[in-house]
Amino acid sequence: MRKQLPPEMLARDARFVRTSIMDQIMDPRNQKIAERNTGSAKLEPGRPAAGDRARNLMHGIFTGEIQALEGAGRTTFDFDETEAPFALKLDMARQCWDEARHVEISIKLGDWMGTEIGEFSEATFLYEAACAPDPVLRLCGVNRALEGLAIDVFNTMKEFGDVSGDPVLEFCEDWMLADEVTHVKMGSDWLRRLTADDPERRERALEFQKTVDKLFSLGGFRGETDDNPIHLARKLRQMAGFTTTEIDEIADLAAQAQADAQAAVEAAGSA
Amino acid sequence: MTDFALIPEQFTLVEFDAARVLELAHDAAAAVGFPDDVDVSIEVDEVLPAPLNGSQVDVRGDRVELWFTGGAFEDTHRGRILDEELTRTALGASLLRAKDRLSGAFADAPVDAELPERQRAIWDVYTDGRLARLGFAVKEPRRRYVYRLECGFNDVSDAEYAQCWNAEALTWADVKSIDERLVAADPRERPKRTPVRRESLRQT
């Protein structure tokens, strides 16, 4: 069986359609939308087309869970025990179980919200973060960055369910959120253990996490202002073991990612 | 045959075929039994993408003006590409609502720009139920979820939904009565709403 499986080899049936995140960022409509009065971008029931926005995001969560399952699964297989201790693989196997459950919950939430499997396109950038050749980089990219993003997204969706009075959404997101906190803690714990005697490796891993965190901010998707649909869940991130300094850094990276994306759109518009 | 005018005549930001949109409009008009002697303009705001899906219907004398966000016609897999099935259904829905207004049964209804979101949600369920029975491709579960967001996640709301979906001849007075029953059964605090409206989204 092949090790280090590239994203284009992920197994999907005919319902799934791939998209590139760059296509979305470089959409020529972006600059003109920014000139319109669409109000706060935060995902709330009071926002324009809130139902369709929530359905779209829920489908993104669903495909993200599939990729998180694939990423954790690959980590149990891609490394020998000198690279990744057996106890780490056990943790990853346990995470696979959580992710598989999240996929099933997400499918049922999709049914509840009127969304079919494959109704929206799938970007594989989450899985791409799980393709790093060093297991410590994967733990930082997936467990700390990706699962950290999941905390932000699930918290936003939980609040959406709460405010809209949707008992099913609020309940399901709360349960999945609890698992994500555990996954982040797991990543932080293994990062410390595997790099206890190798500060340079730890530094490389944390740099990789920063790159992934910036990428996952998706040019303004996540942040702390009304321009951002998903907000940083500071309290829950603290519960997962992030320090205030680390959370501030992620907030800065998110703001930087948004500024970069705006500059890219403006450059494309003037070209 | 109904005379349709498309605004813009050609699309520049999205890859929608204007001639195909007009063909779909003719097809949808025939399917919903839209009157032949009423002229219709179809304005598509191609700046506004999915999932910012919205539409508006205005009747001005013997002329109907339809407005859509580009997202209402857009393929959910491939941005900026026309989804013909979705477009036909969106056009059918607006033409059916225009027909309701022209019939006099909704003569007292506020114009779409001032229509409260919950009343619009009720009217949309009534519209989609009829469209589904006419053979249009309607995503009923999506309609149900959007309706529940507006009208409440409770048994009264679900029972009213079923009645609206199966109805063939509601009036504006019926919609208002349903709305009153939904308000009475809905314990939620009403958040400030920002609906998809041409007037507000056009502002810069």
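Rules used in this analysis
Residues numbered from 1 in each chain as written. Chains lettered and ligands numbered in written order. Predicted model: local features only at pLDDT ≥ 70, side-chain atom pairs only at ≥ 80, totals over all residues. Heavy atoms only, no water. Helix = DSSP H or I, 4+ residues; strand = E, 2+ residues; numbered from the N terminus. Axes fitted to C-alpha atoms, helices over the stretch in contact; angles between N-to-C directions. Parallel < 35°, antiparallel > 145°, perpendicular 65-115°, else oblique. Left-handed = near helix turned anticlockwise from the far one by under 90°. Contact = heavy atoms within 4.5 Å. Nonpolar A, V, L, I, M, F, W, Y, C, P; charged D, E, K, R; others polar. Expected span 1.5 Å × (residues − 1). Buried < 20%, exposed > 50% of the residue type's maximum accessible area, 1.4 Å probe, protein only. Pairing = 2+ DSSP bridges. Domains from an automatic or database assignment. Buried area = accessible area lost by both parts, 1.4 Å probe. Salt bridge = Lys/Arg side-chain N within 4 Å of Asp/Glu carboxyl O. Polar contact = N/O pair within 3.5 Å; in protein donor to acceptor, adjacent residues only side chain to side chain.

Visitor: Got a sec to walk through unusual backbone geometry? Specific residues and values, please.
Guide: All names here are of chain B. Cis geometry is adopted by the peptide bond preceding Pro 8, which originates at Ile 7 and carries an omega value of 0°. Residue placement: Pro 8 occurs in the loop between β1 (4-7) and α1 (18-32). Of note, the amide linkage connecting Ala 50 to Pro 51 takes the cis form, showing an omega dihedral of 5°. Turning to its location among the elements, Pro 51 is positioned in the loop between β2 (39-45) and β3 (55-60).

Visitor: Give me the packing of helix α3 (residues 50-78) of chain A against helix α6 (residues 135-164) of chain A: which residues, what numbers.
Guide: If you want to describe how two helices pack, look at the angle between their axes and the distance between the axes. Residues and elements named next belong to chain A. Direction vectors running N to C along α3 and α6 enclose 155°, while the axes themselves pass 11 Å from each other. The angle between α3 and α6 falls in the class roughly antiparallel. Of the two possible hands of crossing, α3 and α6 adopt the one that is left-handed. Contacts between α3 and α6 involve Ala 50, Ala 54, Leu 57, Met 58, Ile 61, Glu 65, Ala 68, Arg 74, Thr 75 and Asp 78 on the former and, on the latter, Arg 138, Leu 146, Glu 147, Val 153, Phe 154, Met 157 and Phe 160. Broken down by class, the residue content of the contact of α3 with α6 amounts to eleven nonpolar, one polar and five charged.

Visitor: I'd like a description of the environment of Gln258(A), backed by residues and values.
Guide: All names here are of chain A. Position of Gln 258 relative to the elements: it lies in helix α10 (residues 244-270). In the structure, Gln 258 is positioned 44 residues away from Lys 214 in sequence and 9.2 Å away in space, judged by C-alpha atoms. Setting aside anything within four residues of it in sequence, one finds Gln 258 in contact with Gly 219, Gly 220, Asp 227 and Asn 228.

Visitor: Lay out helix α4 (residues 140-151) of chain B in plain terms, naming residues and giving numbers.
Guide: All names here are of chain B. In a regular helix each residue adds 1.5 Å, so twelve residues correspond to 16 Å; α4 covers 16 Å between its end C-alpha atoms and thus fits that length. Within α4, nine of the twelve residues are buried, which leaves the element mostly enclosed by the surrounding structure. Turning to α4, its buried residues are Arg 142, Arg 143, Tyr 145, Val 146, Tyr 147, Arg 148, Leu 149, Glu 150 and Cys 151. Looking one or two places after α4, you find Gly 152, whose phi comes out positive at around 115°.

Visitor: Can you explain the sheet that holds strand β4 (residues 63-69) of chain B? Please cite residues and give values.
Guide: Residues and elements named next belong to chain B. What the four strands build is an open sheet, ordered β1-β2-β4-β3; its pairing is mixed. A strand with exactly one partner marks an edge of an open sheet, and here the two such strands are β1 and β3. The average angle at which neighbouring strand axes cross in this sheet is 15°, direction not considered. Summarising the sheet, β1 and β2 pair through four bridges and their orientation is parallel. Along β2, the bridge assignment pairs Leu 6 with Ile 42. This element, helix α2 (residues 84-103), spans β1, β2, β3 and β4 of the sheet and lies at about 35° to β3.

Visitor: Give me the lowdown on the domain arrangement of chain B, citing residues and values where you can.
Guide: All names here are of chain B. Examined at the domain level, chain B breaks down into domain 1 (4-103) and domain 2 (112-196). The gap between the C-alpha centroids of domain 1 and domain 2 is 21 Å. Facing 20 residues of domain 1, the contacting portion of domain 2 comprises 15 residues. Taken together, both faces of the contact between domain 1 and domain 2 bury some 1,500 Å²; the carbon and sulfur share is 58%. Its largest share of buried area at the contact with domain 2, domain 1 owes to Thr 89, Leu 96 and Arg 97, together 33% of the area lost on that side.

Visitor: Tell me about the interface of chain B and chain A, and name the residues and values.
Guide: Contacts between the two partners involve 34 residues from chain B and, on the opposite side, 37 residues from chain A. When the buried surface of chain B facing chain A is broken down by residue, Pro51(B), His77(B) and Tyr145(B) rank first, second and third, together holding 21% of it. Here chain B and chain A share four salt bridges between them. A salt bridge links Asp45(B) to Arg36(A); its shortest N-O distance comes to 2.8 Å. One can count eight residue pairs in polar contact (both at pLDDT 80 or more) joining chain B with chain A.

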